[in-house]
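Observations on the model geometry
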Amino acid sequence: MTGAHTPPLRGAIFDMDGTLLDSMAMWRGAAAELVRRHGKTPEPDLLQQIVAMPLAETVVYLVDRYQMDITPAALKEEFGRYLAEQYGRRLQLKPGAAQLVDTLRAHGVPAALASATELPLIRAAMGRLGLLNSFCAVASCQQYGSKQQPDIYLAVSRGMGLAPAETAVFEDSLAPLRTAHAAGYFTVMVKDETSRQDWPQMAALADLQIADLRDFCPGPLFGF
């Protein structure tokens, strides 16, 4: 863990996929498989292209980019059935995720969730895993647009009554981390293997980088 910050931060916004939830390998495999099912060859950087997008934008991108012979609406239904099974039954938290969020809550630090995933899937996974009620707010890019723009972060931190500089944003991929950094948030890079090729660029943007949520000691940053 590297980095320092004074004065103490007052709130945290967590990404879900790849940050709290061990789901990025699933996303990479699922998107590539859908492309293959429709007779196309997925590019190696497919996951990086869609990671900041809500599902509605993802399917439009896939249909257009790969010239797939299916409507975005039909592809969204196909993708949605698969995702419902994964989020509702299979995906698990990354080690240390529940402990970190619960530690912040126990010390009166508001923690919110801001995810590119749609709200029903967020609620299915976080509810099943017992973490949903630990967040003071849950927001989706379905409501605010992709994380290529800071709207979702700004809406969540405003709801907590906090300025960006008072708020830590935890992200595991380059595009959202860049957006949060540019908007003035304290950025925490959480390493996930699926974004390994972007780690050097992410490290250059991050105020703090951690290899594992279990290694993160929140007290010095949040003042407890």
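Here the structure is shown first, and the text comes after it.
Below: a short report on this structure. Source: prediction; values computed, not measured. (Residues numbered from 1 in each chain as written. Predicted model: local features only at pLDDT ≥ 70, side-chain atom pairs only at ≥ 80, totals over all residues. Heavy atoms only, no water.)

Looking now at the overall build of the protein chain. If you tally the helices and strands in the protein chain, you get eleven helices and six strands. In terms of overall size, the protein chain behaves like a compact globule, its C-alpha atoms giving a radius of gyration of 17 Å where 224 residues would be expected to give roughly 17 Å. Dimensions along the principal axes, computed over C-alpha positions, put the protein chain at roughly 55 × 35 × 30 Å. The burial tally for the protein chain puts 52% of its 224 residues in the buried class. Counting contacts in the protein chain only where the partners sit at least 6 residues apart, residues at least 24 apart contribute 67% of the total. If you sum the accessible surface of the protein chain, you get close to 9800 Å²; carbon and sulfur atoms cover 50% of it. Separation of charge centres in the protein chain, based on 20 positive and 24 negative side chains, amounts to 3 Å. (Helix = DSSP H or I, 4+ residues; strand = E, 2+ residues; numbered from the N terminus. Rg over C-alpha atoms; globule rule 2.2 N^0.38 Å. Buried < 20%, exposed > 50% of the residue type's maximum accessible area, 1.4 Å probe, protein only. Contact = heavy atoms within 4.5 Å. Areas by Shrake-Rupley, 256 points an atom, 1.4 Å probe, with all protein chains shown as cover. Lys, Arg positive; Asp, Glu negative; His and termini not counted. Charge placed at Lys NZ, Arg CZ, Asp CG, Glu CD.)

Time to look at the pairing of strand β1 (residues 11-14). Burial along β1 is two-sided: Gly11 and Ile13 facing one way and Ala12 and Phe14 facing the other are all buried. Both β1 and strand β4 (residues 167-171) contribute to a ladder of four bridges, which runs parallel. Paired with Ala12 across the strands is Ala168, a residue of β4. Looking at chain direction, β1 and strand β2 (residues 111-115) are connected through three bridges and run parallel. Within β2, the residue paired with Phe14 across the bridge is Leu113. (Pairing = 2+ DSSP bridges.)

Looking now at the side chain of Glu171. Its location among the elements puts Glu171 in strand β4. One polar contact links Glu171 to Tyr153, side chain to side chain, over a distance of 2.6 Å. With sequence-adjacent residues up to four places away left out, Glu171 is seen in contact with Asp15, Thr19, Lys147, Tyr153, Pro176, Leu177, Val188, Met189, Val190 and Met202. (Polar contact = N/O pair within 3.5 Å; in protein donor to acceptor, adjacent residues only side chain to side chain.)

A separate point is the packing of helix α1 (residues 24-37) against helix α4 (residues 72-90). Closest axis-to-axis distance for the α1/α4 pair is 11 Å, and the angle between their directions is 150°. As far as their axial angle goes, α4 and α1 are roughly antiparallel. When the axes of α1 and α4 are compared, the crossing they make is right-handed. Here Met26, Trp27, Ala30, Ala31, Leu34 and Arg37 of α1 lie close against α4, whose contacting residues are Leu75, Glu78, Phe79, Tyr82, Leu83, Gln86 and Tyr87. Along the lines of polarity and charge, the residues of the contact of α1 with α4 split into ten nonpolar, one polar and two charged. (Axes fitted to C-alpha atoms, helices over the stretch in contact; angles between N-to-C directions. Parallel < 35°, antiparallel > 145°, perpendicular 65-115°, else oblique. Left-handed = near helix turned anticlockwise from the far one by under 90°. Nonpolar A, V, L, I, M, F, W, Y, C, P; charged D, E, K, R; others polar.)

As a further point, take the sheet that holds strand β6 (residues 208-210). Where strands meet in a sheet, backbone hydrogen bonds hold them as pairs that are either parallel or antiparallel. A sheet is described by the order of its strands in space; here six strands give the open sequence β3-β2-β1-β4-β5-β6, paired in parallel fashion. On the outer flanks of this sheet lie β3 (137-140) and β6, each paired with one strand and no other. For this sheet the average axis-to-axis angle between neighbouring strands, irrespective of direction, equals 20°. Contacts from helix α6 (residues 119-128) reach β2 and β3 within the one sheet, and its direction differs from that of β3 by about 135°.

With 56 residues, the main nonpolar core has Phe14, Phe79 and Tyr87 as its most contacted residues. Sorting elements by how many residues they give to this core places α1 first, with eight residues. The residues contacting Phe79, other than those within four sequence positions of it, are Trp27, Ala30, Ala31, Leu34, Leu55, Thr58, Val59 and Leu62. Of all hydrophobic cores here, the second largest spans 14 residues; its members include Ala114, Cys141, Met160 and Val169. (Core = buried A, V, L, I, M, F, W, Y, C linked by side-chain atoms within 4.5 Å.)

This structure, assessed with the given rule, holds twelve salt bridges. For Lys76, the salt bridge goes to Glu118, with nearest N and O atoms at 3.3 Å. A residue pair is termed long-range when its members are at least 10 positions apart, and Lys76 in helix α4 and Glu118 in the loop between β2 and α6 qualify at 42 residues. For Lys76, a relative accessible area of 29% translates into the label partly exposed. The class for Glu118 is buried, based on a relative accessible area of 11%. Lys147 is paired through a salt bridge with Glu171; the nearest N and O atoms lie 2.8 Å apart. In this pair, Lys147 sits in the loop between α7 (141-144) and α8 (151-159) while Glu171 sits in strand β4, placing the two residues 24 residues apart along the sequence. The pair Lys147 / Glu171 is uniform in exposure class, with both members buried. One network of salt bridges, in which partners are shared, links Asp15, Lys147 and Glu171. (Salt bridge = Lys/Arg side-chain N within 4 Å of Asp/Glu carboxyl O.)

Any functional reading would require information beyond the geometric quantities listed.
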